[in-house]
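In case you want the letters, here they are:
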Amino acid sequence: MDSLTKRAIDLDLSDPLASYRDRFIIEDDLVYLDGNSLGRVPIDAMERIRDVVEDQWAHELVLGWDHWLHSGTRIGDLLAPLIGASKGEVAICDQTSINLFKLASASLEASGRTNIVTDVGNFPSDRYVLESIATAAGGRLILAAEDPTARELAALLDDDVGLVSLSHVAYRSGAMADGAEITKLVHGHGALMLWDLAHSVGSVHVHLGEWEADLAVGCTYKYLNAGPGAPGFLYVRRDLHEKLEQPITGWFGHADQFGFTEKWEAARDVRRFLVGTPPIVSMAGVEVGIALTTEAGIDALRTKSTMLTALFIEAAKSLSSHGIEIVTPLGPSQRGSHVTIRHDSAFQIATALRKRGVIPDFRAPDLIRFGFAPLYTTFAETIRAAEILREILELRTYDALPATRKGVT
Ligand SMILES: Cc1ncc(COP(=O)(O)O)c(C=O)c1O
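Computed from a prediction, not measured in an experiment: that's the story for all the values here.

Cut-off values and rules
- Residues numbered from 1 in each chain as written.
- Predicted model: local features only at pLDDT ≥ 70, side-chain atom pairs only at ≥ 80, totals over all residues.
- Helix = DSSP H or I, 4+ residues; strand = E, 2+ residues; numbered from the N terminus.
- Contact = placed C-beta atoms within 7 Å.
- Core = buried A, V, L, I, M, F, W, Y, C linked by C-beta atoms within 7 Å.
- Buried ≥ 20, exposed ≤ 12 C-beta atoms within 10 Å, placed from the backbone.
- Domains from an automatic or database assignment.
- Expected span 1.5 Å × (residues − 1).
- Arc of directions from axis to C-beta.

Colleague: Report on the environment of valine 281, specifying residues and quantitative values.
Modeller: Relative to the helices and strands, valine 281 is located in helix α10 (residues 280-296). Through-space distance from the C-alpha of valine 281 to that of arginine 50 is 8.8 Å; in sequence the pair is 231 residues apart. Other than its neighbours up to four places away in sequence, valine 281 contacts Ile49, Val52 and Val53.

Here's what the structure looks like:
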């Protein structure tokens, strides 16, 4: 047994979070390293979803809405501490892309300016949405270099920029931005700051309140394990609620939802950013995911995540002679919970890994991401993935595999 494998076994034995793996349905022997895309299934989520269907929907029918109606803000309050927000500032609703549209449109309009800044490596949906908003406002989307530093951003900020929107942990590189520093810089230029927390929530510390962040959005189906298509979340700092005009004026955002009045009137609190009926079955998954994460504690999760990524990076470093480049920052405080490598044959290598039971994902044109979900990923799995990667590279088994992409990668 080599020294890294032995270290991994020891780390699993002393892992304070080890028992959380038993809280998930794991009936396979896959090395699942794609929890940064879709988390595994918590056993409690299966049970809670069954309860919602069998005990609530089946028996209560429409009367269930008496307790389902405010799920978005009730569960938002449960999420708030995980992102450093206060009660009444977070809602679970819609998808991340839609939440981004609502908050970015409202904030650009409130700024009275026309341009938005993001970075070229930001998630495509974010870039598309932001570009359409800036264009509709008569302005443009300005693209910073991938994973920009505060200094690089500063060079792009002028009086026309009303909003800066970045991912806190970048979906491609896994690089983690300095939330406090960038928010301060953006405010110094009179613009608002919107963070995409899709790859942060449940895996790294987020202090929206301390950063004085204005706005945030994110997904629940990644490290929160809420299930495929589970709704996203949004955060709006309390003092901004009444200053922002939500562009999708649905009945869930109305001050008197059941008044059925002729005109829309915004609710005075975070509910004004809601639109329509929440997906109650999926909401059960969100609530369980938040509860599990809260119970494990973000300090312990972050510590383990950093150790998992460090172990993988240490093993992957020795693969540079096979054309592997580690894209993710090597400094632990500068990265989130996934590690990205670059290789000219990345798609074929990702396919070869899947064939060997290791599930990472491929991001065009040449990246493979390995996501380490601290609630259930083990150190032994981490080293096993690196070892299988080494074998594939040494034997070049990927050479014979098709180089053309099909379906979900
Ligand atoms: C960083 C980031 N932002 C936004 C999204 C889009 O989320 P949704 O499809 O739920 O709108 C994703 C999806 O993976 C993402 O990774």
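Colleague: Outline the nonpolar core, supporting the account with residue identities and numerical values.
Modeller: Of all hydrophobic cores here, the largest spans 116 residues; its most connected members are Ile83, Ala104, Ala216 and Tyr235. The greatest single-element share of this core, amounting to seven residues, is contributed by helix α11 (residues 298-317). Built from parts of two domains, this core gets at least three residues from each of domain 1 (3-32 + 297-400) and domain 2 (47-295). If we ignore the near neighbours within four places in the chain, the residues touching tyrosine 235 are Ile83, Ala85, Glu89, Val90, Leu208, Leu215 and Ala216.

Colleague: Let's hear about α11: which residues, and what values?
Modeller: Compared with the 28 Å implied by 1.5 Å per residue over 20 residues, the 28 Å span of α11 between its first and last C-alpha is a close match. Ile298, Leu301, Lys304, Ser305, Leu308, Thr309, Leu311, Phe312, Ala315 and Ala316 are the residues of α11 that are buried. Projected down its long axis, α11 shows its buried positions confined to an angular sector of 155 degrees, all on one face. Relative to its buried face, α11 has exposed residues pointing more than 90 degrees away, namely Asp299 and Lys317.

Colleague: Residue-level account of helix α6 (residues 124-136), with values.
Modeller: Spanning 13 residues, α6 covers 18 Å between terminal C-alpha atoms, matching the ideal 18 Å at 1.5 Å per step. Among all positions in α6, only Asp126, Val129, Leu130, Ile133 and Ala134 are buried. Viewed end-on, α6 has its buried residues packed into an arc of 130 degrees, placing them on one side of the element. Glycine 138, located one to two residues past α6, shows a positive phi value of around 85 degrees.

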